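In case you want the letters, here they are:
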Amino acid sequence: MVIATALGWGSASSLAISVVLAFLFGYALTIGSVLRAGVPLRRAAGLTVASDTVSIATMEAVDNAFIVVVPGALAAGLSDVLFWWSLLTSLVIAFVVTVPVNRLLIARGRGHAVAHQFP
């Protein structure tokens, strides 16, 4: 959101870059540790997608839905309190929603539990 706002991009572009970067950085954090554990790239990529997709998708869906429903949040500039308030609040709400999703996935041997088998 910060990048898109700083560059003056529209709402759709802002949401799109937020989702793309969330997946990119989320997957990068996981695949790095799995590769360091000696897992071959192809298998590491599969494990990364299996372990992170639901979590990242949930986080992004909740985060972006909140930003969309807050009046003026998508149009707010970097110097506006509304921009930072809505961004922070959306991330907190998304985190609160995503934690139980991750707990459920881990309890079923899915989600982050897939990647956590590697030190």
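Residues numbered from 1 in each chain as written. Predicted model: local features only at pLDDT ≥ 70, side-chain atom pairs only at ≥ 80, totals over all residues. Heavy atoms only, no water.

When you line up the elements, Thr 98 lands in helix H4 (residues 81-107). When sequence neighbours within four positions are dropped, the list of residues in contact with Thr 98 reads Ser 55, Thr 58 and Met 59. (Helix = DSSP H or I, 4+ residues; strand = E, 2+ residues; numbered from the N terminus. Contact = heavy atoms within 4.5 Å.)

Looking now at the packing of aromatic side chains. Summed over all chains, the structure comprises three aromatic pairs. Consider the rings of Phe 66 and Trp 85, whose centres lie 6.1 Å apart with planes at 50°: the pair is tilted. In this pair, Phe 66 sits in helix H3 (residues 41-69) while Trp 85 sits in helix H4, placing the two residues 19 residues apart along the sequence. By relative accessible area, Trp 85 is classed as partly exposed at 45%. Measuring from ring centre to ring centre gives 4.8 Å for Phe 83 and Trp 84, while their planes differ by 85°; the resulting arrangement is edge-to-face. (Phe/Tyr/Trp six-rings, centres within 6.5 Å; stacked < 30°, edge-to-face > 60°. Buried < 20%, exposed > 50% of the residue type's maximum accessible area, 1.4 Å probe, protein only.)

Let us now look at the packing of H3 against H4. Remark: H3 packs on H4, axes separated minimally by 8 Å, with the N-to-C direction vectors making an angle of 150°. Comparing the axis directions of H3 and H4 gives the class roughly antiparallel. For the element pair H3 and H4, the recorded crossing hand is right-handed. Residues of the contact of H3 with H4, tallied by class, amount to 14 nonpolar, seven polar and one charged. (Axes fitted to C-alpha atoms, helices over the stretch in contact; angles between N-to-C directions. Parallel < 35°, antiparallel > 145°, perpendicular 65-115°, else oblique. Left-handed = near helix turned anticlockwise from the far one by under 90°. Nonpolar A, V, L, I, M, F, W, Y, C, P; charged D, E, K, R; others polar.)

As a further point, take H4. For H4, spanning 27 residues, the distance from its first C-alpha to its last is 39 Å, which sits close to the expected 39 Å at 1.5 Å a residue. Looking at H4, one finds that the buried residues are Phe 83, Ser 86, Leu 87, Ser 90, Ala 94, Thr 98, Asn 102 and Leu 105. Among the residues trailing H4, Gly 109 stands out with phi positive, at a value near 75°. (Expected span 1.5 Å × (residues − 1).)

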